[in-house]
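Residue-level listing of the chains:
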Amino acid sequence: MTNSILCSYADARHRATGQVGKVLGERWKALNEKQRQPYEAKAATDKKRYEDQKASYNVSSEPVDGPEEQSRLTDRRTGR
C-alpha cells in the first residue's frame, strides 16, 4: 500500500511525507475492525519484542558493582 502511494508522489519526494501520511491516515480510518486486525496483531507482537529487548538492555547496562557501589565511588570522588 505504501509503495503505490510513494510512487504517485515520487516527483515531489521532499514534500511527499505529509501527503503520504494524510493518504495513509485516510485509508486507515476507512478500514473496518476485521481489516485492521492483522496490522494491530503485528503491532502488538512488535511492541512485545521491543519491551523484551529494552528489558534485556536495561539489565545488561547496569554497573558491574551494583548501584550501591557506584554511589559509594561517586561520593568518594566528589567528597559528598
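Computed from a predicted model, the values in this text were never measured in an experiment.

## Brief notes about the overall build of the protein
Of the regular secondary structure elements, the protein holds four helices and zero strands. Mapped in sequence order, the helices and strands of the protein form the string α-α-α-α. A buried classification covers 10% of the 80 residues belonging to the protein. For the protein, the exposed surface amounts to about 7,100 Å²; the carbon and sulfur share of it is 53%.

## Let's talk about the pattern of salt bridges
In total, this model carries two salt bridges according to the counting rule given. Measuring nitrogen to oxygen at the nearest pair gives 2.6 Å for the salt bridge that ties Arg49 to Asp46. Here Asp46 and Arg49 lie together in helix 3 (residues 33–60), a separation of three residues that amounts to about one turn. Of the residues examined, Arg49 reaches a relative accessible area of 39% and is grouped as partly exposed. With a shortest N-O distance of 2.9 Å, Asp52 and Lys48 are connected by a salt bridge. Residue Asp52 and its partner Lys48 are located together in helix 3, separated by four residues, close to a single helical turn.

## What about the packing of aromatic side chains?
A complete count under the given rule lists one aromatic pair for this structure. Arranged with centres 6.1 Å apart and planes meeting at 75°, the rings of Trp28 and Tyr39 form a pair that is edge-to-face. Here Trp28 is found in helix 2 (residues 13–30), whereas its partner Tyr39 is found in helix 3, with 11 residues between them in sequence. Look at Trp28 and you get partly exposed, because its relative accessible area is 33%. Overall, the relative accessible area of 47% leaves Tyr39 in the partly exposed class.

## Considering the confidence of the model for the protein
On average, residues of the protein score 79 in pLDDT, and 60% of them reach the 70 mark or higher. When mean pLDDT is compared element by element in the protein, helix 3 scores highest at 94, while helix 4 (residues 66–78) scores lowest at 57.

## Remarks on helix 3
The end-to-end C-alpha distance of helix 3 is 40 Å, a good match for the 40 Å that 28 residues give at a rise of 1.5 Å each. At Tyr39, helix 3 is bent by approximately 25°, the largest bend along its length. The N-cap residue of helix 3 is Asn32: its side-chain oxygen and the backbone nitrogen of Lys34 are 3.0 Å apart.

## Description of the side chain of Arg36
Its location among the elements puts Arg36 in helix 3. No salt bridge forms around the buried Arg36; measuring N to O, its nearest opposite-charge neighbour Glu40 is 5.0 Å away. In this view, Arg36 contacts Trp28, Lys29 and Leu31; residues no more than four positions away in its chain are not counted.

About the cut-offs
- Residues numbered from 1 in each chain as written.
- Predicted model: local features only at pLDDT ≥ 70, side-chain atom pairs only at ≥ 80, totals over all residues.
- Heavy atoms only, no water.
- Helix = DSSP H or I, 4+ residues; strand = E, 2+ residues; numbered from the N terminus.
- Buried < 20%, exposed > 50% of the residue type's maximum accessible area, 1.4 Å probe, protein only.
- Areas by Shrake-Rupley, 256 points an atom, 1.4 Å probe, with all protein chains shown as cover.
- Salt bridge = Lys/Arg side-chain N within 4 Å of Asp/Glu carboxyl O.
- Phe/Tyr/Trp six-rings, centres within 6.5 Å; stacked < 30°, edge-to-face > 60°.
- pLDDT = per-residue confidence, 0-100.
- Expected span 1.5 Å × (residues − 1).
- Bend = angle between axes of the 7 residues up to and from the residue.
- Polar contact = N/O pair within 3.5 Å; in protein donor to acceptor, adjacent residues only side chain to side chain.
- Lys, Arg positive; Asp, Glu negative; His and termini not counted.
- Contact = heavy atoms within 4.5 Å.

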